[in-house]
Amino acid sequence: RWYLGFSELDIATRGVGRGEVLLVLGRSHTGKSQLLLNGIVWNLVNNPEARVVIFSFDEPRELVVMKLYCLLRGKSSTEIEESIKNGDKAVMKDLETVAKEELANVAIVDQSMHLQEMTKVMDEARQWWGCEPSFCYIDYLELLPGGESDATGVTSKAQAVKRWAKEQRVPIGLVHQSGRGAGEPGRAAGIYAGRY
C-alpha cells in the first residue's frame, strides 16, 4: 500500500492499495498537489525501492522537479529560484545530484495523453525499473484528454481513471480541481464535486 506520510490520514485510510484511486479534491491553490508531492517525497526518503510515475498535464516537468527538490531540501521555491537566477553553483550542483539520486526513481511526463498512451508509459517504466511502479500521480483530472471538462465529462473521466487503475494494479493519486467543471451548470461544486 502507498502511504502519504501523514499519520492521521494513513491510519484512517490504511493508505492507497494497488488498483485504488485516491481522489484529492479542492479549489484552485488549496494544496491538492502539495499533499501528493509531500507523500511522494516522504516515500522517496523512507523507501529506497519507491518508484513513481507522475503525469503532469498542468505543469512542465522542470517545475515538478523544482517542487520535489524544494520539499526534499526544505527550501522555499522563491529562495531556490533566486539562487538559480544568481548563478549559485552549489544549488545547481545540488539540483543535479538530487535529479540523479533521490529523483532517479521518478518518471515525469508533462504532455497531455489519453489513458491508452499512459498505459504505454507505465509499461515503459516497468521495463526500465524492472518492477511495478509504487505509485502513479495524475495532475489533474479535467486536463485528461477526451470528453468535455464540464460536470458530465469529468464524471466520465473519473470513471475511466478508476477502470484504468484496476488494470494497472498501481495506487493512483488523482487531483480534481473542483472550481473547473466540477458542479452542475450554474451551481457551486460543493461536495457534489467528489461524487464519483
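Criteria and cut-off values
Residues numbered from 1 in each chain as written. Predicted model: local features only at pLDDT ≥ 70, side-chain atom pairs only at ≥ 80, totals over all residues. Heavy atoms only, no water. Phe/Tyr/Trp six-rings, centres within 6.5 Å; stacked < 30°, edge-to-face > 60°. Helix = DSSP H or I, 4+ residues; strand = E, 2+ residues; numbered from the N terminus. Buried < 20%, exposed > 50% of the residue type's maximum accessible area, 1.4 Å probe, protein only. Core = buried A, V, L, I, M, F, W, Y, C linked by side-chain atoms within 4.5 Å. Contact = heavy atoms within 4.5 Å.

Looking now at the packing of aromatic side chains. Going through the model one piece at a time under the given rule, you end up with 2 aromatic pairs. The interplanar angle of 10° and the centroid separation of 4.5 Å between the aromatic rings of Trp2 and Phe135 together place this pair among those described as stacked. Placement of Trp2 in the segment before helix H1 (7-13) and of Phe135 in strand E4 (residues 135-139) is noted, with a sequence separation of 133 residues between them. With respect to class, Trp2 is no different from Phe135; both count as buried.

The next point concerns unusual backbone geometry. In this structure, Tyr140 follows Asp139 across a cis peptide bond, with omega equal to 5°. As for its position among the elements, Tyr140 is in the loop between E4 and helix H7 (151-168). Positive phi, close to 60°, is recorded for Arg14, a residue that is not glycine. Of note, the phi angle at His29 is positive, near 60°, even though the residue is not glycine. Structurally, His29 is set in the loop between strand E1 (21-26) and helix H2 (32-46).

Next up on the list: the nonpolar core. Formed by 29 residues in total, the largest nonpolar core has its most connected members in Trp2, Ile40, Ile54, Leu68, Val106 and Tyr137. Looking at this core, the element that brings in the most residues is helix H3 (residues 61-73), giving 6 residues. Those residues in contact with Val106, other than ones at most four positions away along the chain, are Leu44, Val52, Ile54, Leu68 and Trp129. Within the second largest apolar cluster, 24 residues are counted, among which are Met113, Val121, Ala125 and Val154.

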